[in-house]
Amino acid sequence: MNYNDFPILSDEKYKMIQSEYEKFLPFNRKNNINKIYFLLEECRHFCFGLTNKFNTSISSCINESKKIIEKLMDNLHATFSINIEYKHEIKEFNLFTFTKKLIECIYEIKNWNSKEDKEYYKKISEDCMIDLLFCLKTLISSLEKSNLHFFKYM
C-alpha cells in the first residue's frame, strides 16, 4: 500500500500556497495595522539595546529613529485604538536587523496603502512611509559619513 497520497511540501511551496490564498481574502485593516504596530515595536526594542560600539553619528541617528518610531506608534495607537500585549524585552542591537525590520515595516505599510479604500487612512499610511524612509535615509547617510568598512573574517 502506498500512503503517499498527500506528500509533505517544502516551505517555499507552502508559502506560495499561503500567498495565493491571501490574495482572495478580503482586506482586514485591523490585522494589517496590528502587524505594522508589532514590527514598529520590534524596531523600538532594538533601539533599547544600543551600546557604545557605534560612533556618535550613527548612535544619534538611531536614537532619532527611535523617537520617530515611537511617534508613529503613538499615532497608530490613537487612531486605531490598538490593544496589543507585547513582551517588553531588550534585544542586542544589530544594525542590519534593525534596517531589515524597518524595510519590512515599510513594505507592510505599502501593502496597507495599496489595499486601503479610505483616503484619510491612505494619507496616514503615506506619512508613515515617509517617516520610515527618512529614518532609513539618515541611517544610510550616517553610515556613509562614518565611512565604515565591513569585513568578513573567514
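On a predicted model such as this, the values are computed, not experimentally measured, just so you know.

### Details of the packing of aromatic side chains
Okay, step 1: For the structure on display, the rule yields 4 aromatic pairs.
Okay, step 2: Ring plane angle 40 degrees and centroid distance 5.0 Å describe the contact between F80 and Y121, whose orientation is recorded as tilted. With F80 in helix α3 (residues 56-80) and Y121 in helix α5 (residues 119-146), the pair connects residues that are 41 residues apart, well separated along the chain.
Okay, step 3: You can call Y121 buried: its relative accessible area is 17%.
Okay, step 4: Measuring from ring centre to ring centre gives 5.7 Å for Y120 and Y121, while their planes differ by 55 degrees; the resulting arrangement is tilted.

### A look at helix α4 (residues 95-115)
Okay, step 1: With 21 residues, α4 extends 31 Å between its outermost C-alpha atoms, agreeing within 8% with the 30 Å of an ideal straight helix rising 1.5 Å per residue.
Okay, step 2: Where the residues of α4 are buried, they touch α2 (29-48), α3 and α5.
Okay, step 3: At the N-terminal end of α4, a side-chain oxygen is found 3.0 Å from the backbone nitrogen of F96, two or three residues along, and the residue is N94.

### Details of the pattern of salt bridges
Okay, step 1: Counted under the stated rule, the structure contains 9 salt bridges.
Okay, step 2: E70 is paired through a salt bridge with K66; the nearest N and O atoms lie 3.7 Å apart. One end of the pair, E70, and the other, K66, are both in helix α3, 4 residues apart, so they sit about a helical turn from each other.
Okay, step 3: What makes E70 partly exposed here is its relative accessible area of 25%.
Okay, step 4: You can call K66 buried: its relative accessible area is 19%.
Okay, step 5: Between D127 and K123 there is a salt bridge, with the nearest N and O atoms lying 3.3 Å from each other. Within this pair, D127 and its partner K123 are both found in helix α5, separated by 4 residues, close to a single helical turn.
Okay, step 6: Judged by relative accessible area, which is 33%, D127 ranks as partly exposed.
Okay, step 7: What you see here is one network of salt bridges that share partners, running through E41, R44, K66 and E70.

### Digging into the environment of L40
Okay, step 1: For L40, the position within the fold is in helix α2.
Okay, step 2: Measuring from C-alpha to C-alpha, the distance between L40 and M73 comes to 6.9 Å, with 33 residues separating the pair along the chain.
Okay, step 3: Contact partners of L40, with chain neighbours within four places excluded, come to I69, L72, M73, L76, C105 and L132.

### Things to note about the packing of α3 against α4
Okay, step 1: Where α3 meets α4, the axes come as close as 13 Å, and the angle between the chain directions of the two elements is 30 degrees. Overall, the two elements α3 and α4 adopt an arrangement that is roughly parallel. In terms of crossing hand, the pair formed by α3 and α4 is left-handed. Touching I62, S65, I69 and F80 of α3 are L95, F98, L102 and W112, all from α4.
Okay, step 2: Taken together, the residues that form the contact of α3 with α4 break down as 7 nonpolar, 1 polar and no charged.

### With respect to the confidence of the model for the protein chain
Okay, step 1: Of all residues in the protein chain, 88% attain a pLDDT of 70 or more, and the chain-wide mean is 85.
Okay, step 2: When the elements of the protein chain are averaged for pLDDT, helix α1 (residues 11-23) gives the smallest value, 86, and α5 the largest, 93.

Rules used in this analysis
Residues numbered from 1 in each chain as written. Predicted model: local features only at pLDDT ≥ 70, side-chain atom pairs only at ≥ 80, totals over all residues. Heavy atoms only, no water. Phe/Tyr/Trp six-rings, centres within 6.5 Å; stacked < 30°, edge-to-face > 60°. Helix = DSSP H or I, 4+ residues; strand = E, 2+ residues; numbered from the N terminus. Buried < 20%, exposed > 50% of the residue type's maximum accessible area, 1.4 Å probe, protein only. Expected span 1.5 Å × (residues − 1). Contact = heavy atoms within 4.5 Å. Polar contact = N/O pair within 3.5 Å; in protein donor to acceptor, adjacent residues only side chain to side chain. Salt bridge = Lys/Arg side-chain N within 4 Å of Asp/Glu carboxyl O. Axes fitted to C-alpha atoms, helices over the stretch in contact; angles between N-to-C directions. Parallel < 35°, antiparallel > 145°, perpendicular 65-115°, else oblique. Left-handed = near helix turned anticlockwise from the far one by under 90°. Nonpolar A, V, L, I, M, F, W, Y, C, P; charged D, E, K, R; others polar. pLDDT = per-residue confidence, 0-100.

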